[in-house]
Amino acid sequence: MIQIQKAALTPQIRQQLIALSEQWVKEDCSFGMRANTAEDLREPCFVALDGSQVVGYGFGHFYTRETANSYIPVGASCFDVDELYVLPAYRSQGIGRQLFARLEQEAAAGADYITLATSTKDYERVLSFYTRQADMVFHSAFLIKKTHPDR
């Protein structure tokens, strides 16, 4: 049975999270994804454990909105989900939703808004997860197309 728990970033946990981010890079499912270093990892961090093996994780950080936009006022307290990842063999079992729920609980203690950005190549599945399972609101998209593919 998978257990979700808050994790201190001990050397052992850091090593497992870095290994998972390396797996994420190998999947080639996100634009610009690079493996984490120990300095990239943040608390609060939650892990999904199958025994002692970390099979998924999520972490983020608190911040205060400093610039104006149409949906979050300046000065608002926010929590940004930096990363949420589950190994492919463990997907579609509700683990991602449980990890997000724990991050959401953590955020509720100190933030008015939860934010995240994604650079996924499978945007339909990822947007479905965040809008249908995590009850987030889709606000905007940033699209690009290279005008000269050979340059």
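Below, the structure is looked at part by part.

A closer look at the overall build of the protein
So, step 1. Assigned secondary structure in the protein consists of three helices and five strands.
So, step 2. Going from N to C terminus, the protein has its helices and strands arranged as β-α-β-β-β-α-β-α.
So, step 3. Across its three principal axes, the protein shows a C-alpha extent of roughly 45 × 45 × 30 Å.
So, step 4. Residues counted as buried form 37% of the 151 residues belonging to the protein.
So, step 5. Sequence-distant contacts, at least 24 apart, represent 61% of the contacts inside the protein between residues at least 6 apart.
So, step 6. Here the protein has roughly 9500 Å² of accessible surface; of this, 51% comes from carbon and sulfur atoms.
So, step 7. The centroid of the 15 positive side-chain charges in the protein is displaced by 5 Å from the centroid of its 18 negative side-chain charges.

A word on the packing of aromatic side chains
So, step 1. Summed over all chains, the structure comprises six aromatic pairs.
So, step 2. With a centroid separation of 5.0 Å and 15 degrees between ring planes, the pair formed by Trp-24 and Tyr-85 is classed as stacked. Of this pair, Trp-24 sits in helix 1 (residues 11–27) while Tyr-85 sits in strand 4 (residues 77–86), and the two are 61 residues apart along the sequence. Grouping residues by exposure puts Trp-24 and Tyr-85 together as buried.
So, step 3. Centre to centre, the rings of Tyr-57 and Phe-59 are 5.9 Å apart; their planes meet at 10 degrees, and the pair counts as stacked. One exposure class covers both Tyr-57 and Phe-59, and it is buried.
So, step 4. Among the aromatic residues, those joined into a ring-pair cluster are Trp-24, Tyr-57, Phe-59 and Tyr-85.
So, step 5. In this arrangement the basic side chain of Lys-121 is found over the ring face of Phe-31, its NZ or CZ atom lying 5.2 Å from the centre.

Let's talk about the environment of Met-1
So, step 1. Looking at the secondary structure, you find Met-1 in the segment before strand 1 (2–6).
So, step 2. With 48 residues separating them in the primary sequence, Met-1 and Leu-49 have C-alpha atoms 8.4 Å apart.

Digging into the layout of surface pockets
So, step 1. The calculated volume of the largest pocket comes to roughly 1100 Å³.
So, step 2. Along its surface, the largest pocket is lined by 32 residues, and Leu-116, Ala-117, Thr-118, Phe-138 and Ser-140 are the ones closest to its centre.
So, step 3. At four residues, the largest contribution of residues to the lining of the largest pocket is made by helix 3 (residues 123–133).
So, step 4. For the lining of the largest pocket, a count of residues per class yields 20 nonpolar, eight polar and four charged.

Cut-offs applied
- Residues numbered from 1 in each chain as written.
- Predicted model: local features only at pLDDT ≥ 70, side-chain atom pairs only at ≥ 80, totals over all residues.
- Heavy atoms only, no water.
- Helix = DSSP H or I, 4+ residues; strand = E, 2+ residues; numbered from the N terminus.
- Buried < 20%, exposed > 50% of the residue type's maximum accessible area, 1.4 Å probe, protein only.
- Contact = heavy atoms within 4.5 Å.
- Areas by Shrake-Rupley, 256 points an atom, 1.4 Å probe, with all protein chains shown as cover.
- Lys, Arg positive; Asp, Glu negative; His and termini not counted.
- Charge placed at Lys NZ, Arg CZ, Asp CG, Glu CD.
- Phe/Tyr/Trp six-rings, centres within 6.5 Å; stacked < 30°, edge-to-face > 60°.
- Lys NZ or Arg CZ within 6 Å of the ring centre and 35° of its normal.
- 1 Å grid on protein atoms, 1.4 Å probe; cavity = no way out; pocket = protein on both sides within 12 Å on 5 of 7 lines; lining within 4 Å.
- Points joined across faces, edges and corners; volume = space filled by probe spheres on them.
- Nonpolar A, V, L, I, M, F, W, Y, C, P; charged D, E, K, R; others polar.

From the geometry alone we can't say anything about function, so treat these as descriptive.
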